[in-house]
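# Descriptive structure summary
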Amino acid sequence: MYKSTFNLGRITALAALIGGAQYVTAQDNTMEEIVVTGSLIKGTPEDSTIPVDTISAEELDKQGAPPPLEMLKNLSYMNGIVGESNQFTGGRGQAAQGTASINLRGLGATRTLVLLNGKRLSSGDANRLPTNAIARVEVLKDGGAVTYGSDAIGGVVNYITKEGVEGFEASVDYRSIPDSDGDYNIGLTWGMVSDNSDFFTSLNYYHRSQLAIIDRDWGIQPYTTNPEGGWGSGANPGSFRGTSFGAFVGNNFVDPACEDVGGVLTTGALPDPNGSTCRTQYTIWDNFVEEQDSYQWFAGYNLDLTESTRLHVEALYAYTDVPHANTTPGYTTANSVPSGSALNPYYLIPASNPGLQDLVAQGVYNNFGFLPALGILNNWRPFFSGGNPLFGYEEAYTAYERDQFRLSTELTGDLTDTLSYRTSLTYSSAESERKEWDMRIDRLVAALNGFGGFDCDNVTAGANGCEYFNPFSSAYPSNPVLGLENPYYDETLANSPELVDWLMDQHASTTKGENVEFNFLLTGDLGVELAGGAVDWAAGMQYRHETDEADYSDFNNQLVNPCPVYGDTSCPPEQRGASPWIFLATYTPYEYDREVKAVFGEMQLPITDAVNLQLAARYEDYGNIGGDSFDPSLRLRIQATDWMAFRFSAGTTFRGVPQTTLSPNGATGFQFVNGNSTPVVTTGNPDLVPEESTNYNVGVMFAGENFDLNIDYWRFDLDKVITAEPISGIVAGVAVCDPAFLSYVELSGPCGDVNTNITKVTRSSINGAGRMNDGIDIQGSYTWDDVASGALSLGLSATRILHFETEDLIVDGVVFEQGFDGVGQFNAQTTLFPLPAWRGNVFLNYAFGSQNIRWSAQFVDSYEDQRASVDFTNFPEGQKIDSIVTHNVTYRWDVNDALTLTGVIDNLTDEDPPFARTEINYDAVTHTPLGRTVKVGAKYRF
């Protein structure tokens, strides 16, 4: 655990020297007493002891109403925002198409608690929140466990909906994006207010159009520029080896169409026209942005039952549909062939296969004189460069559907003149369904041997309804994406769509989380007067019932298919759990539930008119499923002068262990591991304990009539971090044949050749090494009230990360990862997100009459790709991921009381995202692939 030492004077001086800017938010300057996010006691933002950033709906309108994803990416204190399709990197977008994550401080989305009107949601996906119902967003940039419980280690983002709205409002906007059909948004709201009640409802529809990687000239790079740019050796055209009587014969043989359909021949990782490996680029089939439709409905109702008693009821339903998320035409053959093969785990091609006979007849393959012969394949794709016949020689796809439902009721009132209560009951659920395609191992093996097809009699290979599967390039006419004709294509050797239909099945999985939350809170005046006023207090309890479940179709259900041969249930114990599919895993359905109980209290002591002290504590208990935690906090605000104040906070926070992470079941994703897209299985761990963090914040605040400036130093000391064993440490251990790491991988060859021989990685969830993350936030603005009959405002916001240090990660005495400081680094294949040291924004806003125009510039600092496994000697590009500045202009005109028009140009100078050595040639969780976009919108009030 890191020890904390800091000097306020040194920090304040350092902060004053820092330049740059990031996203600027408007402070809600109303003096009305409200419950500010991070506290249980009513107060005003001006006297808050905690760093809460408030982003109003009016402020977002001045910026052109950015979509949730872009609003989040523009916040300087956010890092590692998942949104666009980045399906190749586990934990950074894989299987997240259609979502928008919220990641304070780059600590991970699971360490940011997302609330709606102060209550938990079952999903923190910003795309499942009621966009046009939001009045403001309050961001607590400090640990919030004392007030809200688990998961608020990095802070809290609280979306607060509108109330007291009268009338009907309709809004529409369209955003033009090059090489895309564009995005559009349609919103409707209606509200009514009576003497003792008010009602508000909203409906919003948001559409995103597909943006293909191939449609950006920087999105597809040649192998010599970026060998990590989607160039995998699990290819088709593929690489084979001859065999005779169960023994290997000769060197690798490469399908002759490799270069004709866009592949690159290599020896090891280096290009070589005589190489023995064909690498092809799988990202040509994929998208930066998937087509997406999101719907959100919200309704809220308030009723004053008495003068002091109010009933509040709200409901939310949100649904996101991603009907066709592009994937490659077929997965790699990463899983083993059925048990009993003499050359397990390889796939064999008999000499009778017409595709192999064609190669022999053309004289491009003679198997070194051995006949009959068998070709041998591994980490190969049955379908790739030529597309998939089942889908018209195009890509395969995955479909996602996500929804969220929430119903909440709250009763507030006064018991006495000095004692009030608030009680609430909230139910929320979030469900995600995923559908994808894969090929059965036993059927692929049968078809290679001529026994494929629905009508096959399994007697005569290639006859009586039985078909051969041709694994060579002669089976497809072209690379349709690149427009390259295949000179080796033979129509008589093509694989029929019917055969492919027989080989492939669609897998379906559904995950669902439910949460029932009951709160009871008492607040009051302690009856004690200090020099600054009465001592206020709050105390209460919370009960939560959390349920997590997953269900699977028969194809990917491990209870139905427990063995490596489809339909077999009698395999020996050591084979149980092996998948009968060439790539995808099978899973065990689960249903977990647990009860969480908490008690908490808070006291506000106005020691003098200038000194306000706040003390709070919470105890939360997960019983036998996740442990417990006691967390105190202290917050202090000192009003030094009329225009300057200081604030200080210190406390502990925690994160309970997710139920799914406690289960030993594994989840499979795929990552780019030393030259290949490789399946990575991450298993749970029943011995995990909660994460812990000690958080600090020291700030100085300046405020005048037209001026405000806040400078905060923040620090998070985390321990027992729930994470997974890092890929980089495993690969490094396998590269030197360290026995401690060999059990984590499956290999197709010698352990030292990790560039092509790692075919699968299996790792565990762990309580990992401690981390220390600290930095400085700067936020301020100045307004000139009378400039040419208008108001001119200048604002800036910036975050400088000083350190993000990790301790040595040691598991069972084995060093998986040396401690390092991740600031200014890409941090790929480590436990951290990309961490540019600086992020900043500056804006100039001019409001004149009924019109408003704003210019803003966003800055993201450069950072380094630290991976030792990436060859920057032979391929030098991309070690430094360059800094970038983008400019946006927004114009808003309130034509009359009813109509408002808006125009936005984002990325005015059409800057490309900085090049990075990733599959898609940029860092998708930091930058955007859209280029210059133009948006027009209208809003009409009835």
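These remarks concern the structure in this document. (Residues numbered from 1 in each chain as written. Predicted model: local features only at pLDDT ≥ 70, side-chain atom pairs only at ≥ 80, totals over all residues. Heavy atoms only, no water.)

With that out of the way, let us pick up the overall build of the protein chain. Within the protein chain, the regular secondary structure consists of 11 helices and 50 strands. Residues counted as buried form 57% of the 942 residues belonging to the protein chain. Residue pairs at least 24 apart in sequence account for 71% of intrachain contacts in the protein chain once pairs closer than 6 positions are excluded. Just so you have it, the protein chain exposes about 35,100 Å², and 54% of that area is on carbon and sulfur atoms. (Helix = DSSP H or I, 4+ residues; strand = E, 2+ residues; numbered from the N terminus. Buried < 20%, exposed > 50% of the residue type's maximum accessible area, 1.4 Å probe, protein only. Contact = heavy atoms within 4.5 Å. Areas by Shrake-Rupley, 256 points an atom, 1.4 Å probe, with all protein chains shown as cover.)

Glancing now at empty space enclosed by the protein. Under the definition given, this model contains 15 cavities of 30 Å³ or more. Taken as a whole, the second largest cavity encloses approximately 600 Å³ of empty space. Lining the second largest cavity we find 35 residues, and of these Glu70, Asn74, Gln858, Thr886 and Asn888 sit closest to its centre. Of all the secondary-structure elements, those providing two or more residues to the lining of the second largest cavity are helix H3 (68-73), strand S44 (838-848), strand S45 (851-860), strand S48 (884-894), strand S49 (899-906) and strand S50 (933-941). For the lining of the second largest cavity, a count of residues per class yields 10 nonpolar, 16 polar and 9 charged. (1 Å grid on protein atoms, 1.4 Å probe; cavity = no way out; pocket = protein on both sides within 12 Å on 5 of 7 lines; lining within 4 Å. Points joined across faces, edges and corners; volume = space filled by probe spheres on them. Nonpolar A, V, L, I, M, F, W, Y, C, P; charged D, E, K, R; others polar.)

Summed over all chains, the structure comprises 32 salt bridges. Put simply, aspartate 179 and arginine 216 hold a salt bridge, and the shortest N to O gap is 2.7 Å. Of this pair, aspartate 179 sits in the loop between strand S8 (167-176) and strand S9 (183-193) while arginine 216 sits in the loop between strand S11 (211-212) and strand S12 (231-232), and the two are 37 residues apart along the sequence. Since its relative accessible area comes to 48%, aspartate 179 is described here as partly exposed. Since its relative accessible area comes to 7%, arginine 216 is described here as buried. (Salt bridge = Lys/Arg side-chain N within 4 Å of Asp/Glu carboxyl O.)

This model, assessed by the stated rule, comprises 3 disulfides. At a sulfur-sulfur separation of 2.1 Å, the disulfide partner of cysteine 258 is cysteine 278. Across the S-S bond linking cysteine 258 and cysteine 278, the dihedral sits near 90°, which makes this disulfide right-handed. One end of the pair, cysteine 258, is in the loop between strand S14 (247-254) and strand S15 (264-267); the other, cysteine 278, is in strand S17 (residues 277-281), and 20 residues separate them in sequence. Neither cysteine 258 nor cysteine 278 differs from the other in exposure class; each is buried. Here cysteine 456 engages in a disulfide with cysteine 466; their sulfurs sit 1.9 Å apart. Of note, the bridge from cysteine 456 to cysteine 466 carries an S-S torsion of about 85° and is right-handed in sense. Of the two residues, cysteine 456 sits in the loop between helix H6 (441-448) and strand S25 (478-479) while cysteine 466 sits in the loop between H6 and S25, which places them 10 residues apart along the sequence. Assigned by exposure class, cysteine 456 and cysteine 466 land together as buried. (Disulfide = S-S within 2.5 Å.)

Moving on, we get to the nonpolar core. With 32 residues, the main nonpolar core has Tyr347, Met439, Leu444, Phe469, Leu503, Met504 and Ile582 as its most contacted residues. Among the secondary structure elements, those contributing two or more residues to this core are strand S21 (347-350), helix H5 (354-362), strand S23 (396-416), strand S24 (419-439), H6 and helix H7 (497-503). In contact with leucine 503, other than residues within four places in its own chain, are Asp438, Met439, Arg440, Arg443, Leu444, Ala447 and Phe469. In this structure, Ile55, Leu72, Leu121 and Ala126 belong to the second largest nonpolar core, which totals 26 residues. (Core = buried A, V, L, I, M, F, W, Y, C linked by side-chain atoms within 4.5 Å.)

Quick look at a nonpolar patch on the surface now. On the surface, a nonpolar cluster with roughly 1,000 Å² of combined accessible area is contributed by Phe168, Leu188, Trp190, Met192, Leu203, Trp297, Tyr317, Phe405, Leu407, Tyr940 and Phe942. Breaking the nonpolar patch down by element, the ones donating at least two residues are S9 and S23. The leading source of residues in the nonpolar patch is S9, at 3 residues. Mapped onto the secondary structure, leucine 203 falls in strand S10 (residues 197-208). (Patch = residues over 30% accessible without salt bridge, like charges linked within 9 Å, V, L, I, M, F, W, Y side chains within 5 Å.)

Moving on, we get to the side chain of aspartate 712. With respect to the helices and strands, aspartate 712 occurs in strand S36 (residues 707-719). Taking the relative accessible area as the measure of exposure, aspartate 712 reaches 3% and is therefore buried. Side-chain polar atoms of aspartate 712 contact the side chain of arginine 647, separated by 2.8 Å. Beyond its immediate sequence surroundings of up to four residues, aspartate 712 is in contact with Pro51, Arg647, Asn697, Val698, Gly699, Gly775, Ile776 and Asp777. (Polar contact = N/O pair within 3.5 Å; in protein donor to acceptor, adjacent residues only side chain to side chain.)

Strand order in the open sheet made by the 5 strands is S3-S6-S7-S4-S5, with mixed pairing throughout. If you trace the sheet from one side to the other, it starts and ends with strand S3 (52-56) and strand S5 (119-120), each paired once. Two strands pair when backbone bridges link them, and strand S6 (residues 134-140) and strand S7 (residues 155-161) are joined in this way by 6 bridges, in the antiparallel orientation. Bridged to leucine 140 within S7 is valine 156. (Pairing = 2+ DSSP bridges.)

What follows covers H5. Taken residue by residue, H5 has Gly355, Leu356, Asp358 and Leu359 as its buried positions. Looking down the long axis of H5, one finds its buried residues gathered within 155° of arc, a one-sided arrangement. The distance from a side-chain oxygen at the start of H5 to the backbone nitrogen of glycine 355 is 2.9 Å, and the residue carrying that oxygen is asparagine 353. (Arc of directions from axis to C-beta.)

Looking at where serine 150 falls in the secondary structure, it is placed in the loop between helix H4 (145-148) and S7. Within the structure, serine 150 has its side chain in polar contact with the side chain of aspartate 151 (distance 2.8 Å). A polar contact is formed between the side chain of serine 150 and the side chain of tyrosine 622, at a distance of 3.2 Å. Setting aside residues up to four positions removed in sequence, serine 150 forms contacts with Leu113, Arg120, Arg544, Glu620, Tyr622, Phe654, Arg655 and Gly656.

Bear in mind that shape data such as this cannot, by itself, settle questions of function.
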